[in-house]
Structure formats: structure tokens, C-alpha cells
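An overview of the molecular structure
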Amino acid sequence: MRIKSIVILLIFAGLIGLAFYTAMDKKEEQSTEVKDEENTGLKQGSIAPAFSLRTLDGKQVDLKDYRGKKVIVNFWATWCPPCREEMPEMEKFYRDYKNKDVEILAINLEYSESNTEKVSKFVQEYKLSFPIPLDEKNTIGKQFRAVSIPTSYFIDEKGMISNSHIGPMDYKFLKREIDKMNR
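Attention in this report is confined to the structure presented alongside it. (Residues numbered from 1 in each chain as written. Predicted model: local features only at pLDDT ≥ 70, side-chain atom pairs only at ≥ 80, totals over all residues. Heavy atoms only, no water.)

The subject of this paragraph is the packing of aromatic side chains. Summed over the entire model, instances satisfying the criterion amount to nine aromatic pairs. Ring geometry for phenylalanine 75 and phenylalanine 144: centres 5.5 Å apart, planes at 45 degrees, overall tilted. With a gap of 69 residues between them, phenylalanine 75 in strand β3 (residues 70-76) and phenylalanine 144 in the loop between α4 (139-143) and β5 (151-155) connect regions that are remote in the sequence. For phenylalanine 75, a relative accessible area of 0% translates into the label buried. The buried category is assigned to phenylalanine 144, whose relative accessible area is 0%. Where tyrosine 94 meets phenylalanine 130, the ring centres are 5.6 Å apart and the plane angle is 85 degrees; that geometry is what we call edge-to-face. One end of the pair, tyrosine 94, is in helix α2 (residues 81-97); the other, phenylalanine 130, is in the loop between α3 (116-125) and α4, and 36 residues separate them in sequence. Among the aromatic residues, those joined into a cluster by ring pairs are Phe51, Phe75, Phe144 and Tyr153. Over the face of the ring belonging to tyrosine 171 we find lysine 92, whose NZ or CZ atom lies 4.7 Å from the ring centre. Lying across the ring of tyrosine 97, lysine 100 places its NZ or CZ 4.7 Å from the centre. (Phe/Tyr/Trp six-rings, centres within 6.5 Å; stacked < 30°, edge-to-face > 60°. Helix = DSSP H or I, 4+ residues; strand = E, 2+ residues; numbered from the N terminus. Buried < 20%, exposed > 50% of the residue type's maximum accessible area, 1.4 Å probe, protein only. Lys NZ or Arg CZ within 6 Å of the ring centre and 35° of its normal.)

Here it is as C-alpha cells:
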């Protein structure tokens with residue numbers, strides 16, 4: 001009878017130990033998640049906020065799917081003169097760098113457009129080949145504080161913000177920002 005009590009006591013102690021170990025492991029996982037969330041933001045060195053949008057051609061775009069690439073997230077509208085100025089430069093840069101693990105996500109602030117057809121015509125007119133996600137409700141624009149446009153964020157392969165820029169960009173500027181990420 002005494003051996004049976006000892007065995008039951010050992011099993012019970014083992015279960016308590018297992019429960020304690022599992023609880024500590026979960027607490028550690030939550031701690032790591034909180035640290036990642038705390039480091040999410042718009043400042044240099046912060047993890048870029050996650051987003052998911054549909055593109056002009058109906059595909060789903062998730063920022064997290066571009067980990068391992070350098071990403072330029074650009075906010076723009078068809079009616080914006082500086083946006084019109086930078087689009088040919090961005091297209092030329094994209095054609096030169098898309099095979100070098102660089103992606104451009106040119107998020108159109110669709111809520112500010114009169115209709116989607118206008119965006120389609122703009123993309124055709126400028127012969128844009130990079131993805132054009134549509135921010136229909138300005139949720140991502142607000143999240144990235146794209147008050148003035150164009151506004152762009154440079155995100156490294158780990159999903160961290162390397163830099164941000166308000167105003168039009170030219171080819172030299174885009175190259176310089178991407179080159180900085182290579183150092």
C-alpha cells in the first residue's frame with residue numbers, strides 16, 4: 001500500500017511539474033509576442049505595421065509575404081501632381097531592381113479617388129508594372145500616417161522600417177535608400 005501511495009504521489013508531482021513547465025513556456029511565448037508588438041511602429045528600426053489589401057487586379061497582398069525582400073511602400077493618388085512626377089522614376093527603378101529582391105507596393109488611397117476606373121487608366125497611362133494595392137477606406141493610410149502624399153516607407157528584409165520619405169522620389173533617391181539597406 002505504501003508503494004502505491006508513493007507512485008501516485010510521484011505521478012501527481014510529475015503532472016504538477018508538467019503543468020508548471022507548460023505555463024512558463026506559454027508565458028515566454030506571450031512575452032516574445034508582446035515585444036514584437038511593442039516594436040511595431042513607424043520609426044526607423046521598428047517592425048512595419050502588418051497590412052493586407054486587394055490589388056487593382058484583384059489579388060491579395062500581405063506585407064508579411066514580402067519578408068526576405070526590400071520593400072518600398074508608397075502611398076499615392078491619381079490627382080496628386082508629385083505622385084504623377086515620381087511614378088515614371090519608380091517604374092524605371094522597379095524594372096531595374098525587381099530581380100534583386102526589391103519590391104514596390106504603391107498603395108493607392110482609393111477612398112480619395114472618384115472611381116477605380118480612374119486608377120486603372122492611370123496605371124495604363126504610366127505603364128506601371130508593380131503591384132497597386134487599393135486602400136478603399138484609408139485604414140492603411142491612417143495606420144502609416146500618410147497625411148501628405150506621396151509618402152513612402154523603406155522596409156528591409158526582416159520587415160523593419162529603414163527610412164521614410166514624404167514627397168516625390170527620383171531614381172537616384174530610390175537607389176540610395178536601397179543601397180543603405182545593403183550596408
